[in-house]
Amino acid sequence: MGDPDMLEMLQEHERKCSRPADFDFQRTEQGVNAGETSFLIDNQSQFKKHKQSKDSIFFRDGIRQIDFVLSYVDDLKREGEIKAERRKEFELNLRKTGLELEIEDKMNSEDGRTYFVKIHAPWEVLMTYAEVLGMKMPIEESDIPRVQNSPFSYMLKPVRLPKEIKHPHPEYFTAQFTRYRQELFLIDEPANFFPSSSRNRIVYYILSRCPFGMEEGKKRIGIDRLLTSSTYSSAFPLHDGQYWKPSEPPNPVNERYLLCQNWARISYFYKEQPLDLIKNYYGEKIGIYFVFLGFYTEMLTLAAIVGLFCFVYGLLSMNANTSSTEICDPEIGGKIIMCPLCDVVCDFWRLNTTCLASKVSHLFDNESTVFFAIFMGIWVTLFLELWKQRQAKLEYEWDLVDFEEEQQQLQLRPEFEAMCKKRRLNAVTKEMEPYMPLCSRLPWYFLSGVTVILWMSLVLVSMVAVIVYRLSVFATFASFMESEASLQHVRSFLTPQIATALTGSCLNFIMILILNFFYEKLAAWITKMELPRTYQEYESSIILKMFLFQFVNYYSSCFYVAFFKGKLVGYPGKYTYMFNVWRSEECDPGGCLIELTTQLTIIMTGKQIFGNIQEAIYPLVLNWWRRRKARTNSEKLYSRWEQDHDLEHFGSLQLFYEYLETVIQFGFVTLFVASFPLAPLLALLNNVIEIRVDAWKLTTQYRRPVAAKAHSIGVWQDILYAMAVLSVATNAFIVAFTSDIIPRLVYYYAYSTNAKEPMKGYVNNSLSVFLIADFPNNTIPSEKRDFTTCRYRDYRYPPDHDQKYYHNIDYWHVLAAKMTFIIAIEHVVFLVKFLLAWMIPDVPKDVLDRIKREKLMTVKILHDFELTKLKEDLRNNSEELAKEMLIQENKVELVKSTM
């Protein structure tokens, strides 16, 4: 776009597009063919329905392909005439740019209400705007061989797709398309030279910049503004054909059918994705999302396998765990009397009632926890570094090396233009453009910030409400399960702590979904009120709002359980109280890790199941209802454009929500993975289904989105890096403060006196003694008891010590070990991260070599073409010069002869 010739060409087309509405149908520079006037609504030109296939993607002449479709309905209100005038002016200006239009009367539509405007971009228009947009087109088949498969590729043969599906087209050397170099490009058939994705991208570029009149002294431009004002009800490119059957001649190859057969099927969950076909059909922006999701899923395989091994280790070592054995032993755990877990209604209890809970806790809280936390810190670095390599390879394969930002993304939003009262000179284009001073937008920025903070506070309030619920019902659960004789056998595996944790987690998940539903709508409204200047600014603004909120919404409860619960509870006789009413929550004698695991499992699994059901059912039901309403007159032709019109619209933020869902899952997999090694496995299983569900809904339930280019995942990559760094700290703190591994290691190395069973006596060592007589009278049950002391989880001096109930030396040893572990683990993991980042280049050497080779060959081909063309021009000029000299000599001879 920086080429002066291109800018001049673009300005010329802008001038054409903005001419007064005095278009003469008899006067066009390119001439009018027989089919070009078919846009006139004339009863004599009505086509015969039985002669046109339902799957036709052509104009009535069967030659010109439909590249885009607009639809509208008559508006009988006062604004109807204004909208009709806008449409007339807009369509007139579209024809001036060279586009060809054909209008279907509402009498031919299935519902009898909707008009359809079919748009075709002829060859001249495609050539002009391909040059304006800097599209790269093939000039020669590449002599660089594709990357050869590894020696073990035969093992991966079952997951491979057929070659013609994986690589539907050969690789080419490409160059930016220019009209005066047409002979250079591999143009076999002009009608098929530009793929359908490029055609609809060109048409949308014209639609988004074409004016439709002057209103309030300002030139109004763009299809987006017309859609916002309901002048048109929809604008979309057509799908290639039906997704359940291949196309029939003369229609081109139905890539939609190929995608549905080889990509959008659950039975193909183990197959690789046809990435080139996705890119060719939907454009690079959607294609790169599926590349990222597929790569992330592949990398999750390694993490899932290691996490499964850690879980199996915990399962196999569960019965050999000394701590669980002591807790379950009637002679040890059965004789340890624990202090009440709540005031008045909770009774004293024996430690062996948590036997099953201690065994389950060992599944996730064992020696492998430390290993897995370190492994995931390294894994996340490998993932991000290898993704950068994959992205670089993709840029080369998809011709995005010299990528420039999409013009549509940098285009001014109609809402911004409408609200602007001032204009100023653009330093780059030297043209006057709408301008809004910062002081005018500052109140909206302030309101936006306050709203986001308010809703984050609302999330924290809801979390406190769940904590209050848990504190309130814990006593109820405890007294009910204690008094109900029929529940005695249930108490062995469903303790009051577990029952409270399960119900609290489910309630928290429901509140997360409710808050998320309302905030999504609020965030979209606030972002519009901020009046972002360009589409890119709008997208960045809403990404920031939604990610910050969802981060707090989904993770706050996990942060609470991991880092706050059970840390500030005090001790018997001097407990801390929330709002001076509810006693602070305590952890299970085995630690809070099992509760964190429960919380993480319910929220992560619930979100994934709910998300997949919503993504599959919602568009399916909407489309069914829309089709049911539309099919009112069954003898009419239900055409391709009507079929696509009845599909769900793929909005501009649809891809944003897909990325957001993946990034939130990435947070679950990395931030708290030390507490739940099966998280990568659950994410892997979800993503295998997610890829196929996304493919199915995009191929069958949504209109075809406009193709757009992108060379990376954008700001999401920075978010992933930030979460990767944060995950190192969170997992180190989980292992140190939430897990029981550090106190066990301290006991093993510092206090154990049994050489054969070094962990024997650990349970007794980790519990402090409290004299029941020191309880305040109003906090314990009034029944008589035959014991004088109870135990609680902490490291404090006993009641007969001079410093009774103060922290003892064990506490400070354990605390020092925890802090040392955090510092050591963070330094080790960060050192490995930096080493890996240094060792793994962002762009692989073979890709660099291929890029250099392609640039060299492209320059050589262009040079040879220009040289050949120059020689031909010189030869033609020399021949003309020789002819001219011969004519002059003949004239001289003739004059001499006459004299």
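Residues numbered from 1 in each chain as written. Predicted model: local features only at pLDDT ≥ 70, side-chain atom pairs only at ≥ 80, totals over all residues. Heavy atoms only, no water.

Enquirer: Honestly, the state of the cysteines in this entry has me stumped. Any pointers?
Expert: A disulfide bridge is the covalent bond that connects two cysteines by way of their sulfur atoms. Per the stated rule, a full pass over the model turns up 3 disulfides. In this model Cys 328 forms its disulfide with Cys 355; the gap between the sulfur atoms is 1.9 Å. In this structure, the disulfide formed by Cys 328 and Cys 355 twists by about 95 degrees around the S-S bond and is classed as right-handed. Of the two residues, Cys 328 sits in helix H11 (residues 322–328) while Cys 355 sits in helix H12 (residues 355–364), which places them 27 residues apart along the sequence. The exposure class assigned to Cys 355 is buried, which follows from its relative accessible area of 18%. (Disulfide = S-S within 2.5 Å. Helix = DSSP H or I, 4+ residues; strand = E, 2+ residues; numbered from the N terminus. Buried < 20%, exposed > 50% of the residue type's maximum accessible area, 1.4 Å probe, protein only.)

Enquirer: Help me out: how do you make sense of the pattern of salt bridges in this one?
Expert: When the charged atoms of two side chains lie near each other, side chains of opposite charge can form a pair. On inspection of all chains with the given rule, the structure shows 35 salt bridges. The residue Arg 60 makes a salt bridge to Glu 102 at a minimum N-O spacing of 3.8 Å. Of this pair, Arg 60 sits in the loop between helix H1 (4–17) and strand S1 (68–73) while Glu 102 sits in strand S2 (residues 100–104), placing them 42 residues apart in sequence. Residue Arg 60 is classed as partly exposed on the basis of its relative accessible area of 21%. A single network of salt bridges, built from pairs that share partners, joins Arg 60, Glu 102, Glu 104 and Lys 118. (Salt bridge = Lys/Arg side-chain N within 4 Å of Asp/Glu carboxyl O.)

Enquirer: Looking at this structure, how should I read the sheet that holds strand S8 (residues 234–236)?
Expert: Remark on secondary structure: sheet strands pair via backbone hydrogen bonds, oriented parallel or antiparallel. As summarised here, the arrangement of the 4 strands in space is S2-S3-S1-S8, forming an open sheet in which the pairing is antiparallel. Unpaired on one side and paired on the other, S2 and S8 mark the two borders of the sheet. Geometrically, the sheet is characterised by an average inter-axis angle of 15 degrees between neighbouring strands, direction not taken into account. By the bridge criterion, 3 bridges tie S1 to S8 in an arrangement that is antiparallel. From the neighbouring strand, Leu 70 faces S8, where its bridge partner is Ala 235. Against the sheet, helix H2 (residues 80–96) engages S1, S2 and strand S3 (114–120), with an angle of about 145 degrees to S2. Lying over the sheet, helix H6 (residues 196–209) contacts S1 and S3, oriented at roughly 45 degrees with respect to S1. (Pairing = 2+ DSSP bridges. Axes fitted to C-alpha atoms, helices over the stretch in contact; angles between N-to-C directions. Contact = heavy atoms within 4.5 Å.)

Enquirer: Help me out: how do you make sense of the packing of helix H8 (residues 255–262) against helix H22 (residues 679–701) in this one?
Expert: The relative placement of two packed helices is expressed as an angle between their axes plus a distance between the axes. Interhelical geometry of H8 versus H22 gives an angle of 155 degrees and a closest axis separation of 10 Å. Considering their axes alone, H8 and H22 lie roughly antiparallel with respect to each other. At the point where H8 passes H22, the crossing takes the left-handed sense. Along its contact with H8, which presents Arg 256, Leu 259, Cys 260 and Asn 262, the element H22 presents Arg 692, Thr 699 and Thr 700. (Parallel < 35°, antiparallel > 145°, perpendicular 65-115°, else oblique. Left-handed = near helix turned anticlockwise from the far one by under 90°.)

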